[in-house]
Amino acid sequence: DLAQSIQVDQSGNFTGTADKHGLDTTVKAGAHDSVHAQVKPDKTGKVDWNHDGTTEATLAGEYKDGKNYDASLSRTQDVAGASVTEGVKHAVAGGKTSDSVYADVKKGDTTAHADVGLADGKPAEHLSASTKTAHDTISGSVGHDAKGTSAEVKDTHDFGGGTTGTLDLKRDGAGALGETG
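Residues numbered from 1 in each chain as written. Predicted model: local features only at pLDDT ≥ 70, side-chain atom pairs only at ≥ 80, totals over all residues. Heavy atoms only, no water.

Participant: Explain the overall build of the chain here, please?
Facilitator: The secondary structure content of the chain amounts to 0 helices and 15 strands. Out of the 181 residues belonging to the chain, those deemed buried represent 14%. Across the chain, contacts joining residues at least 24 apart in sequence account for 6% of those joining residues at least 6 apart. A total of about 11,800 Å² of accessible surface is found on the chain, and carbon and sulfur atoms cover 58% of it. (Helix = DSSP H or I, 4+ residues; strand = E, 2+ residues; numbered from the N terminus. Buried < 20%, exposed > 50% of the residue type's maximum accessible area, 1.4 Å probe, protein only. Contact = heavy atoms within 4.5 Å. Areas by Shrake-Rupley, 256 points an atom, 1.4 Å probe, with all protein chains shown as cover.)

Participant: Where do I start with the layout of surface pockets in this structure?
Facilitator: Empty pockets left among the atoms are what a rolling probe the size of a water molecule brings to light. Volume-wise, the largest pocket comes out at about 400 Å³. If you go around the largest pocket, you meet 18 residues; those closest to its centre are T97, S98, L118, A119 and A124. When contributions to the lining of the largest pocket are tallied by element, the ones reaching two or more residues are β8 (82-93), β9 (96-107) and β10 (110-119). Counting residues per element, the lining of the largest pocket draws most heavily on β9, which supplies 6 residues. Split into classes, the residues belonging to the lining of the largest pocket amount to 7 nonpolar, 4 polar and 7 charged. (1 Å grid on protein atoms, 1.4 Å probe; cavity = no way out; pocket = protein on both sides within 12 Å on 5 of 7 lines; lining within 4 Å. Points joined across faces, edges and corners; volume = space filled by probe spheres on them. Nonpolar A, V, L, I, M, F, W, Y, C, P; charged D, E, K, R; others polar.)

Participant: Whenever I open this one, the packing of aromatic side chains confuses me. Can you help?
Facilitator: Where two aromatic rings form a pair, the distance of their centres and the angle of their planes describe that pair. Within the structure shown, the criterion is met by 1 aromatic pair. Seen in terms of ring centroids, Y63 and Y69 are 6.3 Å apart; in terms of plane orientation they differ by 25°. Their pairing is stacked. For Y63, a relative accessible area of 42% translates into the label partly exposed. (Phe/Tyr/Trp six-rings, centres within 6.5 Å; stacked < 30°, edge-to-face > 60°.)

Participant: Can you walk me through the pattern of salt bridges in this structure?
Facilitator: When the charged atoms of two side chains with opposite charge come close together, those side chains can pair. As enumerated under the stated definition, the model contains 3 salt bridges in all. We note a salt bridge from K46 to D48, for which the minimum N-O separation is 3.8 Å. Close ionic contact of K170 with D168 constitutes a salt bridge, the shortest N to O distance being 3.8 Å. For D168, a relative accessible area of 6% gives the class buried. (Salt bridge = Lys/Arg side-chain N within 4 Å of Asp/Glu carboxyl O.)

Note that all results are geometric; they support no functional claim without further evidence.
Right, dumping it as structure tokens:
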């Protein structure tokens, strides 16, 4: 095993490991704060600022090649029993660029996502939500970008005994309406 333990000072303010799985290190910055950094062999990494054991902010990124990479800055907090993450993101996928601000909410089996920004220099926005009940998984989304407005509503029902059925209504950016079920 290539694991190497890094212990720079005797006070324990800087500890971590560097091995074939990447770098994982924590630096204490006073009695209440620390910075935790991870870099993985798959070219992903993140830096967290922690205060009293709670992550206050995360800077994350991934690099595949010159046409595929991203970077984001986010914060997750508890609001009325829901986990709420807000952030900003810059992404390049296949040479196409997007910049957005976003928010994600999760409470139990219910999730929601919203983002607004630019995709290749043109306005783009998206809203989506999903929830589960005893027998249904229901989701919906609406978005708008340079291709137009798209929307989808989907319900998957569990009839029991391993039998499910799905109703999926879609409208794509070109105006085509489709359904499956």
